[in-house]
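In case you want the letters, here they are:
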Amino acid sequence: MSHEHFARYWKAEPRPHRLNTGRSHELPPSFRVLEFHHERTWRYATAGMSDGIETFVVTPSPNPRAVEFLHALAHFHRTGARLGLGHTVNFGAELWDGSGLDHGYLSFPYREPEGFDSFDNGEGRTTVAWLIPITAAEREYKKANGVEALEALFETHRLDYLNPSRASLV
């Protein structure tokens, strides 16, 4: 279902990825990370993360680490803590070398068209969360001040989410 949802909104056919390393064998056999080339960006989306949530990240160029991070995120969601909007995660490495963006924030996908934020998976609704790469300082800011404060910070500074070398907003 998520494959069709993303393809419909991004008007592109995906390239599916499935890692065979680490603990990927603990994910459902049907799990994939879908790679889309859409409007001069690359979008990586989970398919089969869970019945309740799927997530995606947008990059300015092809990025194999996005595939790895989404596999790890799905594994963490299924075997560790259940994730949802407003949660932050530690990637354990930078999404781009030298970027400082080594954490992620699960946000409402407000830059996508209306209706993109959820879909019917046949057994209920699935939420679609935008995984925004952030710095450790931005994650700490969110922990100390809350989700609304972090979102306000992004809006005030006009977060350049496609800039891998952007400075921390904190």
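Residues numbered from 1 in each chain as written. Predicted model: local features only at pLDDT ≥ 70, side-chain atom pairs only at ≥ 80, totals over all residues. Heavy atoms only, no water.

A. Molecular detail of the pairing of strand 2 (residues 32-38). Most of strand 2 is tucked away, with 5 of its 7 residues classed as buried. Taken together, the 3 bridges between strand 1 (residues 15-17) and strand 2 define a ladder with antiparallel strand orientation. Bridged to Arg15 within strand 2 is Glu35. Hairpin connection between strand 2 and strand 3 (residues 41-47): a loop of 2 residues separates the two successive antiparallel strands, and Glu39 in this loop has a positive phi of roughly 50 degrees. (Buried < 20%, exposed > 50% of the residue type's maximum accessible area, 1.4 Å probe, protein only. Helix = DSSP H or I, 4+ residues; strand = E, 2+ residues; numbered from the N terminus. Pairing = 2+ DSSP bridges.)

B. The arrangement of the environment of Glu151 in detail. Locating Glu151 in the fold gives a position in helix 4 (residues 147-156). Measuring from C-alpha to C-alpha, the distance between Glu151 and Gly86 comes to 9.6 Å, with 65 residues separating the pair along the chain. Look past the residues within four positions of Glu151 in its chain and what remains in contact with it is Tyr105, Ser107 and Tyr110. Polar side-chain contacts of Glu151 include one of 2.7 Å to the side chain of Tyr105. (Contact = heavy atoms within 4.5 Å. Polar contact = N/O pair within 3.5 Å; in protein donor to acceptor, adjacent residues only side chain to side chain.)

C. Layout of the nonpolar core. The biggest cluster of nonpolar side chains holds 24 residues, and the ones touching the most others in it are Phe6, Trp10, Phe36, Phe56, Phe116, Ile132 and Phe154. If you list the elements that add at least two residues to this core, you get helix 1 (2-10), strand 2, strand 3, strand 4 (53-59), strand 8 (125-134) and helix 4. (Core = buried A, V, L, I, M, F, W, Y, C linked by side-chain atoms within 4.5 Å.)

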